[in-house]
Structure formats: structure tokens, C-alpha cells
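Read off the chains here:
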Amino acid sequence: AVARRRQSRCYLLDYVCHKPCDDRKVSTEMAGGLILRNQRLGLPEYRFLLRVIVRSGIGEDSYCPRNILEGREDAPTHEDALDEMDAFFDAAIAELFFKTGVAPADVDVLVVNVCMFSPAPSLASRIARRFGMRDDVAAYNLSGMGCSAGLVSLDIARNTLRTRPASVALVVSTESIAPHWYTGTDRSMMLGNCLFRCGGSAALLTNDPSLGRRAKMALRDLVRANIAADDEAHASAMKRDDGSGRVGISLSKDLPKAAARALTLNLRRLAPRILPVSELARFAVHSMFCRKLILLPHAKQTHGGAAKINFKTGVEHFCVHPGGTAVIEGVKGSLGLDAYDVEPAVMTLHRWGNTSTSSLWYVLSYMEAKGRLKRGDRVLMLTFGSGFKCNSCVWEVKGYMGDKGAWAECIDEYPPETTANPYMQNYSWVNDIQGDNLLV
Ligand SMILES: CC(C)(COP(=O)(O)OP(=O)(O)OC[C@H]1O[C@@H](n2cnc3c(N)ncnc32)[C@H](O)[C@@H]1OP(=O)(O)O)[C@@H](O)C(=O)NCCC(=O)NCCSC(=O)CC(=O)O
């Protein structure tokens, strides 16, 4: 049993979040130009985009790929997509090897997840080749698995390590934006352009006890929930044609509802594994009391709604996927969190946008840069993504966590007094024009 327990240990040695070059920032002016040069958009679309961008919670410092900066979003090449990937690999993965002193040849397991771009040879092969990894590296490449695939990768890495004593796994998570800028007029697909931005993360995991001694965190639990059998949830984040033959990712208005359902399922499984018995007992008694109250007239108003389990009894930090303001607000409400708990997610959305599957590592990095993470603290990571899936995991802080990482140059400016962006100031004229035609 001791040997099995030792074998199932999974430590986070370190991680790096990618900070693209400053000249790839999406300023208000750049985004305005991008919208205005799309001949398919008219006043109704401008008004919709203004409303959503203003409410998106994203500031002026998130990043886009070069082909979009160069005005080639309508005709991206395969090379554009590879360039975007290589820029991330060459910066972040190289930095992670340098930072940890682990050599590419020490990597036994490589797991890569990129939802929207699946070239041949795979991106996992591209990384193995670029960094000169061994010919017996166990490489896995996940595609099409959405924003919660980072924890699917983590699950694969953890399970693979179980079969290989004293090994090292590299988990790489990013998204391909370059070939996926939507240029049509379907609102559910235009929404993605307002949210998704460039970013990526690389993390080194190990079950080697000698390396584990200098690890930052240890993985305690990982739970996956997939409600793909539910039609509405399955369709809530989906790549499809828009009716005019333009392909994009459609995010339906039902997405926050699907996220809430998947979250409930996930937490129902996770709670008994991470919360103290006293909290589970309190919740059971309170739930029974609430069920009885439903039978009594007016009692519900006096005593509040359904019983809520208190995750703060088992976890100190909440690393929530910054999918959008509605997603963060939904989790905040469901778990009874406060503004301090979701500050890392809100600030990540503001600084980096929704970088899909790598997002939660930026959230973790914010907590670390702010000096929030102390030895023994537990961190709950919660991710959502197409499927529809909610994946979660709990880490325990083992070592010193005080790196500023990708936040180094801006962490002192966070949280800002306001996260409002200047779009309304610059483009409110679209709401002042009478009718729906720019020429009138
Ligand atoms: C987009 C928002 C910031 C807008 O916030 P607001 O507070 O203004 O709220 P709102 O709901 O009134 O929306 C403003 C206008 O947008 C419209 N609107 C909102 N959501 C829409 C949708 N999915 N499709 C089409 N239109 C939509 C509303 O009808 C309204 O238009 P009108 O004014 O005309 O009535 C928020 O709704 C939000 O955060 N939504 C969730 C975003 C999301 O799906 N994130 C997950 C990304 S996917 C992911 O992370 C995982 C993955 O892909 O795997």
C-alpha cells in the first residue's frame, strides 16, 4: 500500500504562463480597426459588439496573433497557425526547462492539448522534435476538448506517471486563434472574438520523490464530469457553419446554465473527497431541514433557499476558469464566494482575456504573484468547456510560491480601481445614429 501510494503521488514542479510580445496587444484602437474593416458588419452588429466588449471584463492588454494584426484574419494560412504555436513553445516551454533545470531529454511523458488546431504531425511531435526529446517519450495530443482540457491533460499525465516510477511529465495547454477569427454576423459566434485571446501554459509534473522535495504543489484529487448526453449542454459551445458557410465557435446563451449543471455534478463527487466530515454532516442535516420546510407555507422565505455546502471548509483558494463575466459570476453565486475569492479570475480575464485551457494557470499565477499561497493551503481549480464538461482538481501547496511569473511587470497595478475599458468612450457614436444604416 505504501509503494502504491508513493507511486500515485503527483507533484507540480513548476509552471510557466506565456506572455506574448507587446506588439501583439489588442488595444481599443486596434480592435476598432479590426471591426470596421469587416465589410459584412453593419450598425446592428457594431452595437452588439460594443455592448459585449464593454461588458466582457477584458482590458487593453490581451494578445492576438500576427495574421490578425496584419489584417489577414479573413484568409489565414496553415503557417500562421504554426507560427502562433511556435512563438508560445519557444518562449514558455524553453523558460520552464531553464527555470527548473529539467532537460528536455528528462521528459518521460508529454501531453499537449489544443482544441482547435490539429496538424499532422501532431503538436506533441512538433514539441518533441523542437526540444530534442527522447525517442521513448510517451506523447499524447488532445484536440477538440475545449477550455477544460487542461485538467484532462493533467489526468492523463497523472495516470501515465502511475505506471512509470520516478518520471517527469510535461503538460502543455494552449489554443489556436490565428485561423479561427470569425468574420460572419452570427452573434453567438461573434461572441468568441470578444472573449478568446492568445496565451498558453506549460507545467512540469513528477512522481519522483527526489524532485518532489522541491515541488511547488502536490495534486490531491481530480474529478471530471461530462454532460454530453444533454442536447442543450452539448450544443452550448460548438464549432459549426453559420448558414453562410463561415465557420466559427458558437457560444449559446444556454452556456452558463450548462456550466452550472456540470458544476453541480462535479462538486457532488468532489465534495466527499475533500471536505471535512463535520461540513458534510452539517450540509446533510440542513438539506433535510430545507426539504421539510418546502412543505410548510411561507417557511422558505423566512429561512432562505436550498442548503449550500461550504467549500471554504476544505479549500482556501478558488482558481476559477475565467470563461467570461457570466461564468465567473455563476460560480461565485453557486459556491457562495466573495469578491476576494474570484479576484484572481476577474483580473486574469481583464489582463489576458479568455486564453481557453491555459487560463486557470494565469489565475494560479496571479494568486502566487500576490503572495496568497502559503504552505499547506489547498487550491481548487475549476474549469468548464465544450462537451459540456466541468473538470476540477485540488492541489496542496508544498513549497515556496512567490514567483511573479507572467504577471511580473503588472502585478502591482492589480486590482485596478476599475476594470472598465475605453470602448464606450470611443465608440458610443454607434448608439447615437438613428436607424440601422450607417449611410443615413
Ligand atoms: C457576453 C457577456 C459578457 C455579456 O454580458 P451582459 O451583462 O451585457 O449580458 P447580456 O446577457 O445582457 O448580453 C448582452 C447582449 O448580448 C447578447 N448575448 C449574450 N450572450 C449571447 C450569446 N451567447 N449569443 C448571442 N447573443 C448573446 C444578449 O442577448 C444581449 O443582446 P441584446 O442587448 O440585443 O438583448 C456575458 O453574457 C457573458 O459573459 N456570457 C458568457 C460568455 C461565455 O459563453 N463564456 C464561455 C466561453 S467558452 C469557454 O470558456 C469554454 C469552451 O469554449 O470550451
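See the structure shown above.
Definitions and cut-offs
- Residues numbered from 1 in each chain as written.
- Predicted model: local features only at pLDDT ≥ 70, side-chain atom pairs only at ≥ 80, totals over all residues.
- Heavy atoms only, no water.
- Core = buried A, V, L, I, M, F, W, Y, C linked by side-chain atoms within 4.5 Å.
- Buried < 20%, exposed > 50% of the residue type's maximum accessible area, 1.4 Å probe, protein only.
- Helix = DSSP H or I, 4+ residues; strand = E, 2+ residues; numbered from the N terminus.
- 1 Å grid on protein atoms, 1.4 Å probe; cavity = no way out; pocket = protein on both sides within 12 Å on 5 of 7 lines; lining within 4 Å.
- Points joined across faces, edges and corners; volume = space filled by probe spheres on them.
- Nonpolar A, V, L, I, M, F, W, Y, C, P; charged D, E, K, R; others polar.
- Near = heavy atom within 4 Å.
- Polar contact = N/O pair within 3.5 Å; in protein donor to acceptor, adjacent residues only side chain to side chain.
- Areas by Shrake-Rupley, 256 points an atom, 1.4 Å probe, with all protein chains shown as cover.
- Sits in = over half its atoms within 2 Å of the grid points.
- Phe/Tyr/Trp six-rings, centres within 6.5 Å; stacked < 30°, edge-to-face > 60°.
- Arc of directions from axis to C-beta.
- Contact = heavy atoms within 4.5 Å.
- Axes fitted to C-alpha atoms, helices over the stretch in contact; angles between N-to-C directions.
- Parallel < 35°, antiparallel > 145°, perpendicular 65-115°, else oblique.
- Left-handed = near helix turned anticlockwise from the far one by under 90°.

> Mind showing me how you'd approach the nonpolar core here?
As a rule of thumb, soluble globular proteins bury nonpolar side chains together. Core analysis: the largest hydrophobic core is formed by 104 residues, its most contacted members being Leu205, Trp361 and Trp395. By residue number, the principal contributor to this core is helix 11 (residues 255–274), which donates 9 residues. Core analysis: the second largest hydrophobic core is formed by 30 residues, Met85, Val112, Val114 and Val137 among them.

> Looking at this model, I keep getting lost on empty space enclosed by the protein. Mind explaining?
Where empty space is left becomes clear once a probe the size of a water molecule has been rolled over the atoms. Counted by the stated rule, this structure contains 4 cavities of 30 Å³ or more. When its volume is computed, the largest cavity comes out at roughly 130 Å³. What lines the largest cavity is simply Ala31, Gly32, Ile35, Leu36, Tyr46, Leu49, Leu50, Ile53, Tyr423, Tyr427, Trp429 and Val430. Taken together, the residues of the lining of the largest cavity sort by class into 11 nonpolar, 1 polar and no charged. Each pocket or cavity is described by its volume, and for the second largest cavity that value is around 60 Å³. Contributing to the lining of the second largest cavity are His18, Arg24, Glu84, Met85, Ala87, Phe88, Thr174, Glu175, Cys198 and Gly199. At 4 residues, the largest contribution of residues to the lining of the second largest cavity is made by helix 5 (residues 78–100). Its residues assigned to classes, the lining of the second largest cavity shows 4 nonpolar, 3 polar and 3 charged.

> Looking at this structure, I do not really get the site of the ligand. What am I missing?
Surveying the vicinity of the ligand reveals 25 residues, the closest of which are Arg51, Arg55, Cys147, Leu251 and Ser386. At 2.8 Å from an oxygen atom of the ligand is found a main-chain nitrogen or oxygen belonging to Cys147. Taking His321, its side chain carries an N or O atom lying 2.9 Å from an oxygen atom of the ligand. Expressed as a share of its isolated accessible area of 1000 Å², the protein-covered part of the ligand is 77%. Comparing atom positions with the cavity grids shows the ligand to sit within the largest pocket. Taken together, the elements giving at least two residues each to the shell around the ligand come down to helix 3 (43–55), helix 8 (187–195), helix 14 (325–335) and strand 10 (378–385). Considering only residue class, the shell around the ligand consists of 11 nonpolar, 10 polar and 4 charged.

> Where do I start with the packing of aromatic side chains in this structure?
To describe a pair of aromatic rings, one takes the distance between the centres and the angle between the planes. Enumeration according to the criterion identifies 9 aromatic pairs in this entry. Measuring from centroid to centroid gives 5.4 Å for Tyr15 and Trp361, while their planes differ by 40 degrees, and the two rings are tilted. Pair noted here: Tyr15 is in strand 1 (residues 11–17) and Trp361 is in helix 16 (residues 359–369), with a separation of 346 residues, a long-range link. Look at Trp361 and you get buried, because its relative accessible area is 3%. With a centroid separation of 5.8 Å and an interplanar angle of 85 degrees, the aromatic rings of Trp352 and Trp407 are classed as edge-to-face.

> Please clarify how unusual backbone geometry should be interpreted in this entry.
The bulk of non-glycine residues show a negative phi, and the bulk of peptide bonds are trans. The residue after Ala120, namely Pro121, is reached through a cis peptide bond having omega -5 degrees. Within the element layout of this structure, Pro121 appears in the loop between strand 2 (109–114) and helix 6 (123–131). Look at the link from Tyr414 to Pro415: it is a cis peptide, with omega at -5 degrees.

> How should I be thinking about helix 6 in this particular structure?
Helical periodicity: at 3.6 residues per turn, an α-helix aligns residues three or four positions apart in one direction. The set of residues buried in helix 6 consists of Leu123, Ala124, Ile127, Ala128 and Phe131. End-on view of helix 6: buried residues confined to an arc of 145 degrees, all on one side of the axis. Of the surrounding elements, those touching the buried residues of helix 6 are helix 5, strand 2, strand 3 (138–142) and strand 4 (168–174). Of the residues one or two after helix 6, Gly132 is the one with positive phi, at around 65 degrees.

> Just checking my understanding: could you explain the packing of helix 11 against helix 14 for this structure?
In a packed pair of helices, the relevant descriptors are the angle between the two axes and the axis-to-axis distance. Running from N to C, helix 11 and helix 14 point in directions that differ by 40 degrees, and their axes come no closer than 10 Å. On the basis of their axis angle, the class for helix 11 and helix 14 is oblique. When the axes of helix 11 and helix 14 are compared, the crossing they make is right-handed. Listed contacts from helix 14 to Leu255, Pro256, Leu263 and Leu267 of helix 11 are Ala326, Val327, Val331, Ser334 and Leu335. Across the contact of helix 11 with helix 14, the residue classes break down as 8 nonpolar, 1 polar and no charged.

> What is the right way to look at helix 16 in this model?
Most of helix 16 is tucked away, with 11 of its 11 residues classed as buried. Buried within helix 16 we find Ser359, Leu360, Trp361, Tyr362, Val363, Leu364, Ser365, Tyr366, Met367, Glu368 and Ala369. Two residues or fewer past helix 16, Gly371 is found with a positive phi of approximately 70 degrees.

Any functional reading would require information that these geometric values do not contain.
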